[in-house]
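# Structural overview
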Amino acid sequence: MTKGDDTNLTGQLLIAMPTMADPRFSKSLVYLCAHNEDGAMGLVVNRRVEEISFAEMLEQLEIKQLAPPEDIEVHYGGPVETARGFVLHSADYLHEGTLQVNEQIALTATLQVLRDIAGKTGPRRHLLALGYAGWGPGQLDSEIQQNAWLTVEADDDLIFGGDLDAKWGQAIRKLGFDPSMLSGAAGHA
């Protein structure tokens with residue numbers, strides 16, 4: 001946020017404009033877990049990591065599974081700290097180390113949440129991501145002013161829905177636009 005700007009986008013989704021120059025964010029949808037004067041942090045919710053499965057991750061972390069592992073996709077959360085795991089989840093699961101984003105959504109980055117998911121005692125809805133997207137003070141606001149991102153109200157389907165390829169277009173349609181009609185060029189009078 002810029003000085004004097006009261007716009008806090010925590011809990012909102014960022015939609016990358018079609019002209020997004022950074023290939024790491026092309027057609028991405030980012031859930032903002034924090035947005036304040038210190039910067040912003042979010043997780044990409046519509047990209048998967050192909051290199052590792054949830055079961056392989058649990059095995060590497062030596063977390064025992066009480067039942068056959070759920071077929072949980074591992075997501076690309078963003079380009080920062082890509083070896084670190086984050087679980088974006090429903091707020092029915094709140095433990096030490098959990099950041100409650102709002103009444104519906106929370107974020108946990110502990111091994112315990114993975115143990116609980118593996119043991120079927122974790123949050124009702126969850127998205128596992130490696131890495132995150134981060135912006136310094138005022139950086140995200142500047143990118144929004146430069147027409148790199150749109151914002152939209154988050155909902156469970158856009159955050160946790162399984163059709164990752166459709167999420168970007170769904171988010172744009174939620175704003176009332178046809179994705180094929182979007183341009184990245186800003187108009188000036």
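Parameters at a glance
- Residues numbered from 1 in each chain as written.
- Predicted model: local features only at pLDDT ≥ 70, side-chain atom pairs only at ≥ 80, totals over all residues.
- Heavy atoms only, no water.
- Buried < 20%, exposed > 50% of the residue type's maximum accessible area, 1.4 Å probe, protein only.
- Helix = DSSP H or I, 4+ residues; strand = E, 2+ residues; numbered from the N terminus.
- Contact = heavy atoms within 4.5 Å.
- pLDDT = per-residue confidence, 0-100.
- Phe/Tyr/Trp six-rings, centres within 6.5 Å; stacked < 30°, edge-to-face > 60°.

Attention now moves to helix 5 (residues 164-174). Considered for burial, the residues of helix 5 that qualify are Leu164, Lys167, Trp168, Gly169, Ala171 and Ile172. Structurally, helix 5 contributes buried residues whose contacts are with strand 1 (12-16), strand 2 (29-36), strand 4 (74-76), strand 8 (126-135), strand 9 (149-153) and helix 4 (156-160). Looking at the residues trailing helix 5, positive phi occurs at glycine 176, about 95 degrees.

Moving on, we come to the confidence of the model for the protein. Here the protein averages 89 in pLDDT, while 90% of its residues score no lower than 70. Across residues 1-5, confidence stays below pLDDT 50; counting only partners more than four residues off in sequence or on other chains, it has 10 contacts. Segment residues 185-189: pLDDT under 50, and two contacts once partners within four positions in sequence are set aside and those in other chains are kept.

What follows is about unusual backbone geometry. Of note in this structure, glutamate 81 is not a glycine but carries a positive phi near 50 degrees. Relative to the assigned elements, glutamate 81 resides in strand 5 (residues 80-90). Unusually for a residue other than glycine, lysine 120 sits at a positive phi of about 65 degrees.

A few words on the packing of aromatic side chains. In this description, a pair of aromatic rings is defined by centroid distance and the angle of the planes. Scanning the entire structure with this criterion turns up four aromatic pairs. Arranged with centres 5.5 Å apart and planes meeting at 75 degrees, the rings of phenylalanine 86 and tyrosine 132 form a pair that is edge-to-face. In this pair, phenylalanine 86 is assigned in strand 5 and tyrosine 132 in strand 8, connecting sequence segments 46 residues apart. Overall, the relative accessible area of 4% leaves phenylalanine 86 in the buried class. In this structure tyrosine 132 comes out as buried when scored by relative accessible area, which is 17%.

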